[in-house]
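Listed below, chain by chain, are the residues.
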Amino acid sequence: MTSSFSSPDRQAGPPRLPTKPTGWPIGSYEEYGLAQRAVDFLAESEFPVQDVTIVGVDLMLVERVTGRLSWRRVLGAGAASGAWFGLFVGVMLSLFTGGQQTGGLLQIAVCLVLGVLFFTVFAAVGYASTRGRRDFQSSSQLVAGRYDVLCQPRNAEQGRDLLAKLAMRPAGGAV
């Protein structure tokens, strides 16, 4: 019997192009940490984990609002970013140009001021271009409704049996 899992030209490791995951489900978990715990358990049980894939199913993009944006906050963040970047560039320039003590400090100060100026202007232009349509900060996260652990058919039964043993352990028990 031939299958896509046993072809002689199958390369080791993950595929290079985006492909659908393959294998048989051996476990399903509500949280990624639980799926990761299951794979850790398989690895500690000397299971060939290179045949295992964790797949997030029912994907959602969750955007959590972290605060309100204002001109003061935008300009402050731009200035702070510019200061760090300018300081970094100034220090690198002074190190690699072999600047003397006073000349090196002057380079650092000039780069710091230019960084603050440019980053503040760019932040202002970016915020003004939104015209009040997005006056909040947020962070985005891709999460799944469940996480399935898949295994190649040649080891799926053994993997399912091992994960059944893990499920019978007390919830707080060590792996």
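Just above, that's the structure.
Residues numbered from 1 in each chain as written. Predicted model: local features only at pLDDT ≥ 70, side-chain atom pairs only at ≥ 80, totals over all residues. Heavy atoms only, no water.

1. Quick look at the side chain of Ser-94
In this fold, Ser-94 is placed in helix H2 (residues 71-96). Judged by relative accessible area, Ser-94 falls into the buried class, the value being 14%. Among the polar contacts made by the side chain of Ser-94, one reaches the main-chain carbonyl oxygen of Val-91 at a distance of 2.9 Å. (Helix = DSSP H or I, 4+ residues; strand = E, 2+ residues; numbered from the N terminus. Buried < 20%, exposed > 50% of the residue type's maximum accessible area, 1.4 Å probe, protein only. Polar contact = N/O pair within 3.5 Å; in protein donor to acceptor, adjacent residues only side chain to side chain.)

2. Observations regarding the environment of Ala-38
Looking at the secondary structure, you find Ala-38 in helix H1 (residues 32-44). Taking the C-alpha atoms as reference points, Ala-38 and Ile-54, separated by 16 residues in sequence, lie 9.9 Å from one another.

3. Some thoughts on the environment of Val-57
Assignment of secondary structure puts Val-57 in strand S2 (residues 52-68). For Val-57, a relative accessible area of 19% gives the class buried. For the pair Val-57 and Ala-144, spaced 87 residues apart in sequence, the C-alpha to C-alpha distance is 5.4 Å. Other than its neighbours up to four places away in sequence, Val-57 contacts Ala-144, Gly-145, Arg-146 and Asp-148. (Contact = heavy atoms within 4.5 Å.)

4. Details of unusual backbone geometry
The backbone of Glu-46 sits at a positive phi, close to 65°, despite the residue not being glycine. With respect to the helices, strands and loops of the structure, Glu-46 is situated in the loop between H1 and S2. Judged by its relative accessible area of 71%, Glu-46 is exposed.

Everything listed here is a matter of geometry and, on its own, says nothing about what the molecule does.
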